[in-house]
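An overview of the molecular structure
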Amino acid sequence: MASGRSKTSAAVSKAGLLSFVFVMYSYTTAGPFGLEDQVTNSGPGMTLIYHLVLPFFWCIPISLVAAELTTAMPVQGGFYRWTRAAFGDFWGFLAGWWNWCASFLLGSSYAVLFTDYLSFFFPWITGWKHYVVAVSMIGVIAYINVRGIKTVGKIATLLETLIFLPVAVMCVMSVRMWHHNPFVPLVPPHQPVFQVFGVGLALGLWLYSGYEQLSTVAEEVEEPQKNYPRALAWVVPLSMATYFVPTACALAALGNWQDWHTRYFSDAALLIGGPWLGFAMTMAAAITFISILNSTVLSSTRMPFAMAEDGYLSPFLTRLHSRFGTPWLAILISAAIYSLFAWNSLTQLISVYIWLRIATSVLTVLSAWQLRRKRPDLARAFRIPWGSKGLAYAVIAPVLMSGVALIASDKFGLKYGPVALVLGPVAYFFFRRRSSPV
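In this report, we go over the structure that sits alongside the text. (Residues numbered from 1 in each chain as written. Predicted model: local features only at pLDDT ≥ 70, side-chain atom pairs only at ≥ 80, totals over all residues. Heavy atoms only, no water.)

**Observations regarding the overall build of the chain**
Spelled out, the test is: Strands are runs of DSSP state E lasting at least two residues, helices are runs of H or I lasting at least four, and both sets are numbered from the N terminus onward. Each radius of gyration is computed over the set of C-alpha atoms, and the globule rule expresses the reference value as 2.2 Å times the number of residues to the power 0.38. When a residue's accessible area, from a 1.4 Å probe over protein chains only, is under 20% of the maximum for its type it is buried; when over 50% it is exposed; and in between it is partly exposed.
Looking only at helices and strands, the chain features 18 helices and zero strands. The C-alpha radius of gyration computed for the chain amounts to 21 Å, which stays within 12% of the reference 22 Å derived for 438 residues, consistent with globular compactness. Once the C-alpha set of the chain is aligned to its principal axes, its extents read approximately 65 × 50 × 40 Å. Considering the chain as a whole, with its 438 residues, one finds that 61% of them fall into the buried category.

**Comments concerning the side chain of Thr70**
Quick note on the threshold: Distance and chemistry together define a polar contact, namely a pair of N or O atoms within 3.5 Å, with one atom able to donate a hydrogen and the other to accept it when in protein, and with adjacent residues in sequence counting only for side-chain atoms on both sides.
Along the chain, Thr70 falls in helix H5 (residues 59-72). Classification of Thr70 by relative accessible area gives buried; the value is 0%. In terms of polar contacts, Thr70 uses its side chain to reach the backbone carbonyl oxygen of Ala66, at 2.6 Å.

**Description of the packing of helix H8 (residues 127-146) against helix H13 (residues 275-300)**
Condition: Axis angles are defined between N-to-C directions and span 0 to 180 degrees, where every axis is a line fitted to C-alpha atoms and, for a helix, only to the segment in contact. Reported orientations rely on four angle classes, namely roughly parallel under 35 degrees, roughly antiparallel over 145, roughly perpendicular from 65 to 115, and oblique for the rest. Working rule for handedness: look at the near helix, and if it is turned counterclockwise from the far one by less than a right angle, call the crossing left-handed; if clockwise, right-handed. It only takes one pair of heavy atoms within 4.5 Å for two residues to be counted as in contact. Residues were grouped as follows: Ala, Val, Leu, Ile, Met, Phe, Trp, Tyr, Cys and Pro as nonpolar; Asp, Glu, Lys and Arg as charged; and all remaining residues, including Gly, as polar.
At their nearest, the axes of H8 and H13 sit 9 Å apart, and the two run at 50° to each other. Classed by the angle they form, the pair H8 and H13 counts as oblique. In terms of crossing hand, the pair formed by H8 and H13 is right-handed. Counting all contacts with H8, which are made through Met137, Ile138, Ile141, Ile144 and Asn145, the residues of H13 involved are Ile290, Leu293, Asn294, Val297 and Leu298. Here the residues of the contact of H8 with H13 are counted per class, giving eight nonpolar, two polar and no charged.

**Details of the packing of helix H7 (residues 89-121) against H8**
Here H7 crosses H8 at 125°, and the two axes come no closer than 9 Å. Judged by the inter-axis angle, H7 sits oblique to H8. The hand of the H7/H8 crossing is right-handed. Taking contact as the criterion, the partners of Ala111, Val112, Phe114, Thr115, Asp116 and Leu118 in H7 are, on H8, His130, Val133, Ala134, Met137 and Ile138. Taken together, the residues of the contact of H7 with H8 sort by class into eight nonpolar, two polar and one charged.

**Here we look at helix H17 (residues 387-407)**
For the record, the criterion: To estimate how far a helix should reach, multiply one less than its number of residues by 1.5 Å.
Helix length check: H17, at 21 residues, gives a terminal C-alpha distance of 31 Å against a target of 30 Å (1.5 Å per residue), a fit within 8%. Taken together, the buried positions of H17 are occupied by Gly390, Leu391, Ala394, Val395, Ala397, Pro398, Met401, Ser402, Ala405 and Leu406.

**Comments concerning the environment of Leu251**
One can find Leu251 in helix H11 (residues 224-254). Put simply, Leu251 and Thr318 are 67 residues apart on the chain and 50 Å apart in space, counted from C-alpha to C-alpha. Beyond its immediate stretch of four places on either side in the chain, Leu251 contacts Val39, Pro44, Leu48, His180, Pro182, Trp257 and Trp260.

**Looking at the state of the cysteines**
The test is simple: What counts as a disulfide here is a pair of cysteine sulfur atoms lying within 2.5 Å.
Applying the stated criterion across every chain yields a total of zero disulfides. Free of any disulfide, Cys171 has its nearest cysteine sulfur in Cys249, 4.1 Å distant.

**Overview of empty space enclosed by the protein**
Heads up, the condition is: Residues are said to line a cavity or pocket when one of their atoms sits within 4 Å of a point; the points come from a 1 Å grid over protein atoms alone, cavities being sets where a 1.4 Å probe fits but cannot get out and pockets being open sets with protein on both sides within 12 Å along at least five of seven lines. Grid points are joined across faces, edges and corners, and a volume is the space filled by probe spheres set on the points.
According to the stated counting rule, one finds one cavity of 30 Å³ or more in the structure shown. Tyr27, Asn99, Ala102, Ser103, Leu106, Gln213, Thr296, Ser299, Ser300, Tyr353 and Arg357 are the residues that line the largest cavity. Within the residue set of the lining of the largest cavity, elements represented by two or more residues are H7, H13 and helix H16 (349-374). Per-element tally for the lining of the largest cavity: the top contributor is H7, with four residues. Within the lining of the largest cavity, the residues separate by chemical class into four nonpolar, six polar and one charged.

**Quick look at the layout of surface pockets**
If you add up the space inside the second largest pocket, you get close to 360 Å³. In terms of lining, the second largest pocket is formed by 19 residues, of which the most central are Tyr25, Glu160, Phe164, Leu238 and Thr242. Every element with two or more residues in the lining of the second largest pocket is listed here: helix H2 (17-28), helix H9 (149-174) and H11. With eight residues, the top contributor of residues to the lining of the second largest pocket is H9. Here the lining of the second largest pocket is built from residues that sort into 15 nonpolar, three polar and one charged.

**Some words on the side chain of Asp310**
Tracing the sequence through the fold places Asp310 in the loop between helix H14 (302-309) and helix H15 (328-341). Classification of Asp310 by relative accessible area gives buried; the value is 1%. A polar contact of 2.6 Å, which involves the side chain of Asp310, links it to the side chain of Tyr80.

**Structural notes on the pattern of salt bridges**
Inclusion rule: When a carboxyl oxygen of Asp or Glu is within 4 Å of a side-chain nitrogen of Lys or Arg, the pair counts as a salt bridge.
For the coordinates displayed, the defined rule picks out nine salt bridges. The residue Arg84 makes a salt bridge to Asp89 at a minimum N-O spacing of 3.0 Å. Residue Arg84 is classed as buried on the basis of its relative accessible area, which comes to 0%. Put simply, Lys226 and Glu223 hold a salt bridge, and the shortest N to O gap is 3.7 Å. With a relative accessible area of 48%, Glu223 lands in the partly exposed category.

**Regarding the packing of aromatic side chains**
Quick note on the threshold: Stacked, tilted and edge-to-face pairs are distinguished by plane angle, under 30 degrees for stacked and over 60 for edge-to-face with tilted covering the rest, among Phe, Tyr and Trp rings (Trp via its six-membered ring) whose centres lie within 6.5 Å. Charge over a ring is defined by NZ of Lys or CZ of Arg lying within 6 Å of the ring centre and within 35 degrees of the ring normal.
Counting across every chain of the model gives 25 aromatic pairs. Note on Phe121 and Phe279: the rings are 5.1 Å apart at their centroids and 75° apart in plane angle, and the pair reads as edge-to-face. Here Phe121, found in helix H7, pairs with Phe279, found in helix H13; they are 158 residues apart in sequence, far enough to count as distant. For Phe121, a relative accessible area of 24% translates into the label partly exposed. By relative accessible area, which is 46% here, Phe279 ends up partly exposed. Above the plane of the ring of Tyr117 lies Arg263, whose end atom (NZ or CZ) is 4.8 Å from the centre.

In structure tokens, the structure reads:
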């Protein structure tokens, strides 16, 4: 069973802690955009409570698991190879396959959403022009990723700075207008409680997902046993603040929670700071999708590379760039698939993506439990604190939260999410290696 280092470790240029923090943050959060519908669907009070409480049942335990397993097995492919080491080839393949397939929905959506924001300023970007712009952006991001994680980190740092500035200005300027209690009402009046709870929870899990994903590039990070846990310690509270603070500031200043909708932060900035701030916030939202696409390509394209190394996919995907040491063919093929999906916004398919993401997250946390049993002698520079109780918390909390979120899925997700999962075992038996294990 392959759990050792891959051949990327010798050639690739590696990222330091600060650069990796920006890469991880750009993948998991990037900015406050995307939660606006949560305010109207779940209520302003419930939305803010979600962002204070939900991380303790979702991204924090998953981050603890990712930190422990990265220090124990800092290998390319991350959670795919952890799952394979814990539960064997079949479940390891599913973790990798589900994640790679989910990235097709995710990456193409971000390219389309960026183009949607761009068309706000250039209305003539429609039809085939819209598609060309989206595909062009995918091509640019693919080129950046071929150059390696250091280049990805530099771009992420620049983009996140451009995103952070207008958000910070809006928060500061809103202080003079604070006249409303941002927690009132707690939930929308005359709405079924479970519906309010379920919709907000599903979106919350979406917003706080992905903290284990950058484990796929562990071999491209300097001292991953030290820097991965450190990066998580920075990114998790920063992500919570990114969602909570601008939302609370805008609600306290404007109090018009019923008017929140997709892209509402641009409207809030316009009302708080005027046209120039509204324009800056809209640009920040567009840049957010570039930033997330940039880090999505980085994390997801190491998955087919690692699976090809282990013999599941064609060895063609293991070819490294002669100069940058990156799996450039895996990057280009993934980008091409993103481009095929970029005709539509894929709004409904995001609910299918949630099923795939939850499945890989559950396998990841269960792997921590299994490897404690199966490999107690495995060196772990970082261990989930509080002993067996801490491990139980890190495993049980995300599993329970996953069950609630799947039950509360919309009709499209309930119909097609299980179908997407079933395609994983079908792919396993189709691609299963004929040779002996690596």
